[in-house]
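These are the residues of each chain, in order.
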Amino acid sequence: MRPLDRIDLELLALLQNNARLSNKELAARVGVAQSTCLLRVRRLIDDGVLRGFHAEIDPAALGAGLQAMIAIRLRRHSRELVESFRAYAMTLPEVRALYHMSGTDDFLVHVAARDASGLRDLAMSAFTTRDEVDHLETMLIFEHLASRKLPLFLEPDA
């Protein structure tokens, strides 16, 4: 990946704030031609800097009245078990995010469920039945706020 310059960083900052900005608006705000802006954004996508553009949906609007974090501890640690669990968990429609972590627990899984019974059923049928899972602990989420912005730690290349 090539180093990011001032224009790249300005484009990233603008898109973090509003990914729906048109190419015309982006180009005007960073002071480049629309064709240059389009090429820059495409290159940021191709280089994997921009990973996607998403619509954020309120889980409650889809019937998910409860969210939780489930801490998962594996029985053994091997690349195969970690990769197997990760791949499996990401197939579950209730999984909103998956974090592979260090410490006592191996994974932290953010899930959405219809209600407490749905959460219990998910934990019992989707996680405790897995051979690689040794222990799980469920924590209810009372409120979920997320920042979609990342600080720009890099200094722009000239």
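Residues numbered from 1 in each chain as written. Predicted model: local features only at pLDDT ≥ 70, side-chain atom pairs only at ≥ 80, totals over all residues. Heavy atoms only, no water.

Trainee: When you look at the overall build of the protein in this model, what are you seeing that I'm missing?
Mentor: Scanning the protein for helices and strands turns up 5 helices and 4 strands. When the helices and strands of the protein are placed in sequence order, the string is α-α-α-β-α-β-β-α-β. C-alpha extents for the protein along the principal axes are approximately 55 × 40 × 20 Å. In the protein, buried positions account for 35% of the 158 residues. Sequence-distant contacts, at least 24 apart, represent 67% of the contacts inside the protein between residues at least 6 apart. Approximately 10600 Å² of the protein is accessible, and the part contributed by carbon and sulfur atoms is 53%. If the 20 positive side-chain charges of the protein are averaged to one point and the 22 negative ones to another, these points end up 5 Å apart. (Helix = DSSP H or I, 4+ residues; strand = E, 2+ residues; numbered from the N terminus. Buried < 20%, exposed > 50% of the residue type's maximum accessible area, 1.4 Å probe, protein only. Contact = heavy atoms within 4.5 Å. Areas by Shrake-Rupley, 256 points an atom, 1.4 Å probe, with all protein chains shown as cover. Lys, Arg positive; Asp, Glu negative; His and termini not counted. Charge placed at Lys NZ, Arg CZ, Asp CG, Glu CD.)

Trainee: What's the story with the side chain of D8 in this structure? I'm lost.
Mentor: In this structure, D8 sits in helix α1 (residues 6-17). By relative accessible area, D8 is classed as buried at 0%. Engagement of the side chain of D8 in a polar contact is seen with the side chain of R40, the distance being 3.0 Å. The residues touching D8, leaving out its near neighbours within four places in the chain, are R2, P3, R40 and L44. (Polar contact = N/O pair within 3.5 Å; in protein donor to acceptor, adjacent residues only side chain to side chain.)

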